[in-house]
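# Secondary and tertiary structure notes
In case you want the letters, here they are:
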Amino acid sequence: MIQKIYKAMFYLEDLREILRETAPDHRLDEGQKKKFKNILNNVKDTLDEEECQKIRYITDKIELRTREEDFINIDPIQVAGRLTPEARKALIAYGDGYSVCDYCFKPFRLDYIKKPPVQDFFSELSEFVGMDVARVVRGARNGFQIVSNALLEKGDIALVSSLAHYTLCLSIESIGAEWREIPLDENNIITKEKTAEKIEEVKNKSKKLPKLIAVSHFDYMFGNEHDVYGIGKVCEDYEIPFLYNGAYTVGVMPVDGKKIGADFVVGSGHKSMASPAPTGILATTDEFKGKVFAETKSKGDITGRQFGIKETYLLGCTVMGAPLIAMMASFPKVKERVKNWEEEIKKSNFFLSEFLKIEGNKVSSEMPRKHTLTKVDTRDSFDKIAKKHKRRGYFLYEELSKRKITGIFPGSTREFKLNTYGLSWDQIKYLADAFKEIAEKYGIWVENFG
Ligand SMILES: *Cc1c(COP(=O)(O)O)cnc(C)c1O
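Predicted, not measured: the structure shown is a model, and the values here were computed from it.

This paragraph deals with the pattern of salt bridges. Overall, the coordinates contain 39 salt bridges when judged by the stated rule. E13 is paired through a salt bridge with R16; the nearest N and O atoms lie 3.2 Å apart. One end of the pair is E13 and the other is R16, both in helix α1 (residues 2–21) and three residues apart, which spans about a single turn. Here K402 makes a salt bridge to E399, at a shortest N to O gap of 3.5 Å. Taken together, the residues K402 and E399, both in helix α16 (residues 394–402) and three residues apart, mark about one turn of the helix. The class for K402 is exposed, based on a relative accessible area of 59%. Its relative accessible area of 3% is what places E399 among the buried residues. Ionic contacts of the salt-bridge type, sharing partners, join the residues R109, D111, R135, E295 and E311 into one network.

Written out as structure tokens, the structure reads:
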């Protein structure tokens, strides 16, 4: 079916191309008329065919992507970035390069564009995360980069979690500043106490305070919740700016930056906001907006040129065209879906309670789950099978693939991550049964099964 849909959609794009070639009056010559008619017939035939001829490529070497149509996807980073139908339609209509710039007038800045309503979107975004101002940026990593650029200087120290994402560390490094890690407690959690201790340690050793503290609410390794409220308080006491990393929260659960005590809220569009890459958000307070969203002041020494009110650390306009408009198109549904977070957590916990019925299976993340991203440990179950299986660790991936489940790392049977976000209850049950069936097939004992 997906083949048929793609095929028809591509024919429609070919029709669209003829309109572009013959703009503005669309007076088609005989050849074009014939071509138009042929393609139109192809569309109809494709839709009418029982079995359509399969296509594999969009163009040379670029294959169709049908993962979301053909499989249950539990890829840890992909599931909450899947597009809404509105976003997919936006991609088709706004794909041309600088398409958002049609109605960009003075003062020539992305956040002032009224048609399409980018300006309103930006203000809704800041409200959505409980902050004063927001900008769309090129992924969460670009948010870190902008804050690092604005706040840090060479030799400064910034504190990050021991589970920090590499892009945060690289952002700090790129300034010539240093990142130091706040240790985890025995439950793999960053606490306010550990944060305060690390601040004291840095203060004693280097005679200066960290210039920035950045912690993710839920980390990418375990999907554990870290004490961002407590850390926000510690940062306030020491008067150190606090960056709340919401790569795994903004867009899936409610986030209130001010309540947390955050000076910056960073989110990822392609990870958690049903948006294409590269998109993300950076929100801040009135106190910090002048600093991170500073406007250019420089002037050409020969020409005397200046660049109006372009924002220096953002390099002026950030995300243009299709990714931005698709993010906007998804936003109404994203605003609604955060209200269903509790249900997502229920499904996550239900799946794991079933998964744990397989003898030897363990969960490495904190329990009960407060997130849909989870690290599981199958060293005493599937990995034992892998040791004897001719396909080694790939057997599990292959057994899952046969059941049309994808997204775990091929070859891993020791510890791996999965994310159940967005699956229906039926899909959750199907997923749990698939793991149990595989276990049973290889002689692993499964509680109350079969
Ligand atoms: C995925 C992730 C990032 C990077 O997000 P991008 O939007 O791809 O830049 C940063 N931090 C954490 C905790 C993440 O999980």
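Having seen the structure, we can now continue with the description.
Another point: empty space enclosed by the protein. In this approach the atoms are scanned with a rolling probe the size of a water molecule, which exposes any empty space left behind. Summed over the entire model, instances satisfying the criterion amount to two cavities of 30 Å³ or more. Forming the boundary of the largest cavity are 13 residues, of which A80, Y248, V252, H371 and N419 lie nearest the centre. Tallied by class, residues from the lining of the largest cavity come to eight nonpolar, four polar and one charged. Here the lining of the largest cavity gathers at least three residues from each of two domains, domain 2 (99–319) and domain 3 (339–441). Its boundaries defined by the atoms lining it, the second largest cavity holds a volume of some 50 Å³. Lining the second largest cavity we find R109, L110, D111, F122, R135, V136, E311, L314, G316, C317 and T318. Grouping the amino acids of the lining of the second largest cavity by side-chain chemistry returns five nonpolar, two polar and four charged.

A few words on the site of the ligand. Around the ligand there are 13 residues in total, and A140, R141, S268, H270 and K271 lie nearest to it. A140 is positioned with one of its backbone polar atoms (N or O) 2.7 Å from an oxygen atom of the ligand. Take R141: an N or O atom from its side chain is 2.7 Å from an oxygen atom of the ligand. Considering the ligand on its own, with 390 Å² of exposed area, one finds that the protein chains cover 96% of that surface. More than half of the atoms of the ligand fall within 2 Å of the grid points belonging to the second largest pocket. At the level of elements, α6 (140–151) and α11 (269–272) are the ones that each hand at least two residues to the shell around the ligand. Examining the composition of the shell around the ligand, we find that three residues originate from one element, α6, more than from any other. Here the residues of the shell around the ligand are counted per class, giving five nonpolar, six polar and two charged.

Now for helix α17 (residues 425–441). Its 17 residues place the ends of α17 24 Å apart at the C-alpha level, agreeing with the 24 Å of an ideal helix rising 1.5 Å per residue. When α17 is considered as a whole, its buried residues turn out to be I428, L431, A432, A434, F435, K436, I438 and A439. On its buried face, α17 is in contact with α14 (341–355), α15 (382–388), α16, β13 (405–406) and β14 (415–419).

Below, the discussion takes up a nonpolar patch on the surface. Among the surface-exposed residues, M1, I5 and M9 lie close enough to one another that they form a single nonpolar patch of about 310 Å² accessible area. You can see M1 is positioned in the segment before α1. Look at M1 and you get exposed, because its relative accessible area is 71%.

Quick look at the layout of surface pockets now. As a volume, the largest pocket reaches approximately 1,600 Å³. If you trace the largest pocket, you find 42 residues lining it, with Y6, R65, E69, L83 and R88 closest to the centre. Put simply, the parts of the chain that give the lining of the largest pocket at least two residues each are α1, α3 (67–70), β3 (72–73), α4 (85–93) and α13 (322–337). Per element, the largest residue contribution to the lining of the largest pocket is nine residues, and it comes from α1. The residue inventory of the lining of the largest pocket, partitioned by class, reads 19 nonpolar, ten polar and 13 charged. Of the volumes computed, that of the second largest pocket is approximately 380 Å³. Around the second largest pocket sit 24 residues that line it, and R141, H165, A247, Y248 and K271 are the ones nearest its centre. Looking at the lining of the second largest pocket, the elements that each hand over two or more residues are α6, α7 (166–175), β7 (212–216) and α11.

With respect to the element layout, H165 can be found in the loop between β5 (157–161) and α7. Placed 82 residues apart in sequence, H165 and A247 show a C-alpha to C-alpha distance of 9.8 Å. A polar contact of 2.7 Å, which involves the side chain of H165, links it to the side chain of T167.

Calculation rules
Residues numbered from 1 in each chain as written. Predicted model: local features only at pLDDT ≥ 70, side-chain atom pairs only at ≥ 80, totals over all residues. Heavy atoms only, no water. Salt bridge = Lys/Arg side-chain N within 4 Å of Asp/Glu carboxyl O. Helix = DSSP H or I, 4+ residues; strand = E, 2+ residues; numbered from the N terminus. Buried < 20%, exposed > 50% of the residue type's maximum accessible area, 1.4 Å probe, protein only. 1 Å grid on protein atoms, 1.4 Å probe; cavity = no way out; pocket = protein on both sides within 12 Å on 5 of 7 lines; lining within 4 Å. Points joined across faces, edges and corners; volume = space filled by probe spheres on them. Nonpolar A, V, L, I, M, F, W, Y, C, P; charged D, E, K, R; others polar. Domains from an automatic or database assignment. Near = heavy atom within 4 Å. Polar contact = N/O pair within 3.5 Å; in protein donor to acceptor, adjacent residues only side chain to side chain. Areas by Shrake-Rupley, 256 points an atom, 1.4 Å probe, with all protein chains shown as cover. Sits in = over half its atoms within 2 Å of the grid points. Expected span 1.5 Å × (residues − 1). Contact = heavy atoms within 4.5 Å. Patch = residues over 30% accessible without salt bridge, like charges linked within 9 Å, V, L, I, M, F, W, Y side chains within 5 Å.

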